[in-house]
Amino acid sequence: MFEYEIQQLRSAELIRRADHERLAREAVRQGRAARTEAERRAAGAGLAGVRPDEAESHSRRPRRLRSPRTA
């Protein structure tokens, strides 16, 4: 009987931890979505869907090399 109660306590604790982790992930996701939306609004209506760092590049160097590097 004692082992059963210990297992019940462990199970309840794992469920509490999982709920806490889920809430934390949800809060991070909402914060990220709010930040992205604010950046989009700040960038202007003409650039909707384009990230601000991609909209205005400060260098002429392309993001990626044109041909893949060999090993």
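Placed above this text is the structure.
Bear in mind that the values here come from a model prediction, so they are computed numbers and not experimental data.

S.K.: Whenever I open this one, the overall build of the chain confuses me. Can you help?
M.R.: Counting its secondary structure elements, the chain contains two helices and zero strands. Here the chain holds 71 residues, and 0% of them are scored as buried. About 7,300 Å² of surface is accessible on the chain, with carbon and sulfur atoms providing 53% of the total.

S.K.: Looking at this model, I keep getting lost on helix α1 (residues 2-43). Mind explaining?
M.R.: Three- or four-residue spacings in an α-helix give side chains the same orientation, since the helix completes a turn every 3.6 residues. Helix length check: α1, at 42 residues, gives a terminal C-alpha distance of 62 Å against a target of 62 Å (1.5 Å per residue), a fit within 8%. Backbone geometry just downstream of α1 places Gly-44 in the positive-phi region, at approximately 110°.

S.K.: Can you help me understand the pattern of salt bridges in this one?
M.R.: It is possible for side chains bearing opposite charge to pair when their charged atoms get close. This model, assessed by the stated rule, comprises five salt bridges. In this structure, the salt-bridge partner of Glu-26 is Arg-22, at a minimum N-O distance of 3.7 Å. With a gap of four residues between them, Glu-26 and Arg-22 both fall in helix α1, about one helical turn apart. On the accessibility criterion, Glu-26 (33% relative accessible area) is partly exposed. Its salt-bridge partner being Arg-41, residue Glu-37 comes within 3.8 Å of it at the nearest N-O pair. Of this pair, Glu-37 and Arg-41 both sit in helix α1, four residues apart, roughly one helical turn. For Arg-41, a relative accessible area of 61% puts it in the exposed group. A network of salt bridges, in which partner residues are shared, links Glu-13, Arg-16 and Arg-17.

About the cut-offs
- Residues numbered from 1 in each chain as written.
- Predicted model: local features only at pLDDT ≥ 70, side-chain atom pairs only at ≥ 80, totals over all residues.
- Heavy atoms only, no water.
- Helix = DSSP H or I, 4+ residues; strand = E, 2+ residues; numbered from the N terminus.
- Buried < 20%, exposed > 50% of the residue type's maximum accessible area, 1.4 Å probe, protein only.
- Areas by Shrake-Rupley, 256 points an atom, 1.4 Å probe, with all protein chains shown as cover.
- Expected span 1.5 Å × (residues − 1).
- Salt bridge = Lys/Arg side-chain N within 4 Å of Asp/Glu carboxyl O.

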